[in-house]
Amino acid sequence: MNLKELSSLNVLEKNLGSSTGSNWFASGKQFDSFSPTNGKYIGSVLSTTKAEYEQIIKKAEEAKLYWRDIPAPKRGEIIRQLGDKLRQEKEILGKLVSYEMGKSYQEGLGEVQEMIDICDFAVGLSRQLYGNTIHSERPGHRMYDQYHPLGIVGIITAFNFPVAVWAWNAALALVCGNVIVWKPSEKTPLCAIACQNIMAQILKENNLPEGISSVVTGDAEVGKWIAEDERITLVSATGSTRMGKQVAVTVANRLGKTLLELGGNNAIIVTPSADLKMTIIGAVFGAVGTAGQRCTSTRRLIVHEDVYDKVKSSLVEAYKQIKIGDPLDSNNHMGPLIDTDAVAMYLDALNQIKEQGGNILVEGKVLEGEGYESGCYVTPVIAEVENHYPIVQDETFAPILYLIKYSGEVQNAIEIQNSVKQGLSSAIMTTNLRESELFLSQNGSDCGIANVNIGTSGAEIGGAFGGEKETGGGRESGSDAWKIYMRRQTNTINYTTSLPLAQGIKFVL
Ligand code: NAD
């Protein structure tokens, strides 16, 4: 790709340490961003020092007092402008996502579209931050609940959705009257700077304080400052379960609020009545899309013995057609892993599968030669395993699909599916109503997302997104996920001349 194309996003300066009119100051350690697509240098970002972090939070605290007094529909107007700006920048930002993170250009565009969609959702929401009215047990009393902004929301994000996860949080948190401080992944800093530049420009055009939306750059250490900081009321953290456990403990220690979106170990159950054509497309996209680096990637296929051989041979055939290469070339289905550390983890997982007794059906390797110079391109793997293998319990962030056989009733497959620690996304392929309803019932999938005749990845913004168990329990995006970004207040008003007490308690003076 021609790097000059990215210059409109202002992300290519070397030693970038601040962006114009934006609440981001950084003069600390330099980290360089290389594209996993070709190994080429894109740009450098400096990390925020502790002193600069303090300056940023000070500005955020000042901005919070201003922003919460702006009526919610007027806050929505700023998010409308953000959505419009993202529409204008969709192609170029989508390219940057693809180039810096390594996902296909189509998926990069999809990520920016998700940002636009959540902005639209948040604009409507800005006129609907409803509470309830409640009938009081006391005569002449009125009760209701209402929602107020929390203050500062900290957003820690992962590399694999370098812009959309920020937007999910930012759009909702901002219409809810909060200011935001974002700690993006150190693996995709330029995507974050691009978003910050877009947001900062909108704030400037509207004469709003820059502290409404800030960025702090750096590694896990900077994330820890956010987790520890009592001034940050809610910490929304997306990333590995390992990270989430640390953030949860730190924030709980100060009785702060968390919204955790952590790792998954997602399965598709394939029943005897499944439409096998749909199953294969759903499974292959779920397993190899984003090179298996989605939190919702399909990791396990739990297949009934009656259709097992057919599914197995169709999958192996389908994998032969997968084209691997530059994600900006739309002929390719799969791009690279994020970096060579991820490649090492993939290779380690392959060894473990073999050591633990797995049967590799489609062998994995690291690709070499022309077009693969970054050393980050691997081939997708299919392995027959049993669900109890230690390696199957882990989320290996790579395109490795486990094939697991079940027999008997669908309840047996559901038990296999639920017997891992993670609980993000799940799916069943069936044309049998009894099976699908059981899967969706309280005795069915224990995941935050349960789909019928759709794969595990590719959620829409309208629903609440997130998972149970070690996935962290958080919900982001649609439905009533906005409530986590606000504090609820219950109000009781007495418009009589007497003071009756609740529960009929008598207190006479
Ligand atoms: P990661 O946990 O290595 O890093 C995520 C972010 O957390 C980074 O910004 C990192 O700097 C920061 N961080 C790391 N340790 C920290 C600590 N102790 N305190 C504060 N911040 C800390 O994850 P990654 O490799 O960037 O992303 C992949 C992981 O993210 C996968 O497990 C994937 O499933 C998960 N993920 C989950 C969702 C979801 O919605 N459930 C979405 C995207 C990614």
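Residues numbered from 1 in each chain as written. Predicted model: local features only at pLDDT ≥ 70, side-chain atom pairs only at ≥ 80, totals over all residues. Heavy atoms only, no water.

**As for the domain arrangement of the chain**
Then, in step 1: By domain assignment, the chain separates into domain 1 (42-262 + 472-489) and domain 2 (266-458).
Then, in step 2: Here the C-alpha centroids of domain 1 and domain 2 sit 31 Å apart.
Then, in step 3: Counting residues at the interface gives 17 residues for domain 1, matched by 14 residues for domain 2.
Then, in step 4: Summing both partners gives a buried area of about 1300 Å² for domain 1 against domain 2, and 62% of it is carried by carbon and sulfur.
Then, in step 5: For the pair domain 1 and domain 2, the number of links is two salt bridges.
Then, in step 6: Here Lys187 makes a salt bridge to Asp339, at a shortest N to O gap of 3.8 Å.
Then, in step 7: Summed over the shared surface of domain 1 and domain 2, the result is four residue pairs in polar contact (both at pLDDT 80 or more).
Then, in step 8: The set of elements that each furnish at least two residues to the side of domain 1 that touches domain 2 consists of α2 (72-101) and α3 (105-125).
Then, in step 9: In terms of residues, the side of domain 1 that touches domain 2 owes the most to one element, α2, which gives five residues. (Domains from an automatic or database assignment. Contact = heavy atoms within 4.5 Å. Buried area = accessible area lost by both parts, 1.4 Å probe. Salt bridge = Lys/Arg side-chain N within 4 Å of Asp/Glu carboxyl O. Polar contact = N/O pair within 3.5 Å; in protein donor to acceptor, adjacent residues only side chain to side chain. Helix = DSSP H or I, 4+ residues; strand = E, 2+ residues; numbered from the N terminus.)

**Some points on the pattern of salt bridges**
Then, in step 1: For the structure shown, the criterion picks out 22 salt bridges.
Then, in step 2: A salt bridge links Arg80 to Asp84; the shortest N-O distance between them is 2.6 Å. Of this pair, Arg80 and Asp84 are both found in helix α2, four residues apart, which corresponds to roughly one turn of the helix.
Then, in step 3: We classify Arg80 as partly exposed; its relative accessible area is 37%.
Then, in step 4: Counted as one network, the salt bridges with shared partners bring together Glu77, Arg80, Asp84, Arg87 and Asp120. (Buried < 20%, exposed > 50% of the residue type's maximum accessible area, 1.4 Å probe, protein only.)

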